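# Topology and contacts: notes
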Amino acid sequence: MLFFPGISGLSAQSIQLLQKGKDTSLRGLSVVDDSIAWVSGSKGWTVLSKDGGKIWDWKQIKGYENLDFRDIEGFSASKAIIVSAGTPAVILLTIDAGQSWQEVYRNESKEIFLDGMDFWDVDRGIIYGDPINGQMVILETKDGGMSWQNISARNKIPLIDGEASFAASGTNIRTGKGGKVWIATGGVQSRLFRSNDFGLNWEATKLPIIQGKNSTGPFSIAFYKNKSGVAAGGDFLSDTSRVNNLVLTKNGGRSWLKPQITLFGYRSAIEYLSKNELLASGPKGTDRSLDGGKTWMKLSDQGFHTVRKAKSGNLVILTGGNGYIAIYQD
């Protein structure tokens, strides 16, 4: 096992690399609890751990080897849902720990590109994608992912040319208690779309993060108890730039503030570990905040695509390119 110890007084923290060397980019990650973690990636790969990351079961889904599954939602050691990016758009469901997968949605449209997924509970979930004819694609399920309905028409706010989203980590969409959901767009224009009623009605506010090019904007958002929130990203073509790559909110995304010390480059994922502690990671490193995102310290030069904390528990996993899977140890 490799270790990448923290610096700047963070020697007690480390990122322990558990897996590497697979020819896959792992951008889908769902940590169910302190034992169960699901991962998905390019070339049809899925990975499951049932023991907190000690053993990983790798499976390449037959017939889907050419698809990039950029987001995954795990519910138990048996059930998970994965969604692909690009054409065709495919959603698969397993109820037997990945031994078999059922295709529950397919869209062959040349314009389709699904970006991310999140769930409110075991039954109700939402997926969004890049706009088609100026309208953000939105799908919903009310039966635990067995079927999906297109509810795009409910969002009556058009996207402009060059405004879309990034499927970098599956975390540009987040759900919250009471039917809340947030979706971040980027590119030529960056906005935060918000709904308080499971996607029935929407409003949007400008997101004052770097924007204006196809490579700029928010690549990940996170919220803590529906109020405190962060949007992280940057310019993936200039991944060491620290220019305007993070903004903070205290009111659920209605207004935004700048941090005192920002992230150390482009970051594709950000996650709350507690009210005050956050991790953010991207190709060139992983950063840590202990004050709710106001100031950041470089934790490691090791970079990952995404980071997620257990929905129920404290296990924190990171995944990246070349089959990298790591655990954060405080």
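Now for a description of the structure that goes with this document. (Residues numbered from 1 in each chain as written. Predicted model: local features only at pLDDT ≥ 70, side-chain atom pairs only at ≥ 80, totals over all residues. Heavy atoms only, no water.)

Take the pattern of salt bridges next. Side-chain pairs of opposite charge can arise where the charged atoms are in close proximity. A complete count under the given rule lists 17 salt bridges for this structure. The partner of E108 in a salt bridge is R106, with the nearest N and O atoms 2.8 Å apart. Where salt bridges share partners, they join E103, R106 and E108 into one cluster. (Salt bridge = Lys/Arg side-chain N within 4 Å of Asp/Glu carboxyl O.)

In this section: unusual backbone geometry. In the segment running from T87 into P88, the intervening peptide bond is cis, with an omega of 0°. Tracing the sequence through the fold places P88 in the loop between β8 (80-85) and β9 (89-94). The phi dihedral of A97 is positive, around 60°, even though this residue is not glycine. The phi dihedral of K225 is positive, around 55°, even though this residue is not glycine. (Helix = DSSP H or I, 4+ residues; strand = E, 2+ residues; numbered from the N terminus.)

Strand order in this open sheet of three strands is β20-β21-β22, and the pairing throughout is antiparallel. Looking at the sheet topology across the chains shown, the edges are occupied by β20 (216-224) and β22 (246-249). Pairwise comparison of adjacent strand axes, ignoring direction, gives a mean angle of 15° for this sheet. The pairing of β20 with strand β21 (residues 228-235) spans eight bridges and is classified as antiparallel. By the bridge assignment for β21, F223 is matched with G229. (Pairing = 2+ DSSP bridges. Axes fitted to C-alpha atoms, helices over the stretch in contact; angles between N-to-C directions.)

Next up on the list: the nonpolar core. Nonpolar side chains in soluble globular proteins tend to end up buried together. If you look at the biggest cluster of nonpolar residues, it comprises 16 residues, and the most contacted ones within it are I81, I91, Y105, L114, I127, L139 and W148. At the level of elements, β8, β9, β10 (102-107), β11 (114-119) and β13 (135-141) are the ones that each hand at least two residues to this core. What W148 contacts, discounting residues up to four positions off in sequence, is I81, I91, V104, Y105, F119, G125, I126, I127, L139, E140 and T141. (Core = buried A, V, L, I, M, F, W, Y, C linked by side-chain atoms within 4.5 Å. Buried < 20%, exposed > 50% of the residue type's maximum accessible area, 1.4 Å probe, protein only. Contact = heavy atoms within 4.5 Å.)

Taken together, K177, K225, K250, K275 and K294 make up a surface patch of like positive charges. On the secondary structure map, K294 appears in the loop between β25 (285-289) and β26 (297-300). Overall, the relative accessible area of 39% leaves K294 in the partly exposed class. (Patch = residues over 30% accessible without salt bridge, like charges linked within 9 Å, V, L, I, M, F, W, Y side chains within 5 Å. Areas by Shrake-Rupley, 256 points an atom, 1.4 Å probe, with all protein chains shown as cover. Lys, Arg positive; Asp, Glu negative; His and termini not counted. Charge placed at Lys NZ, Arg CZ, Asp CG, Glu CD.)

Another point: the sheet that holds strand β3 (residues 26-31). Spatially, the four strands line up as an open sheet ordered β3-β4-β5-β6, and their pairing is antiparallel. Where the open sheet ends on each side, the last strands, each with one partner, are β3 and β6 (57-60). For this sheet, the mean inter-axis angle between neighbouring strands, taken without regard to orientation, is 15°. When strand β4 (residues 37-41) meets strand β5 (residues 45-49), the two strands line up antiparallel, connected through four bridges. Note that in β5 the partner of V39 across the bridge is V47.

The values are spatial; any link to function lies outside them.
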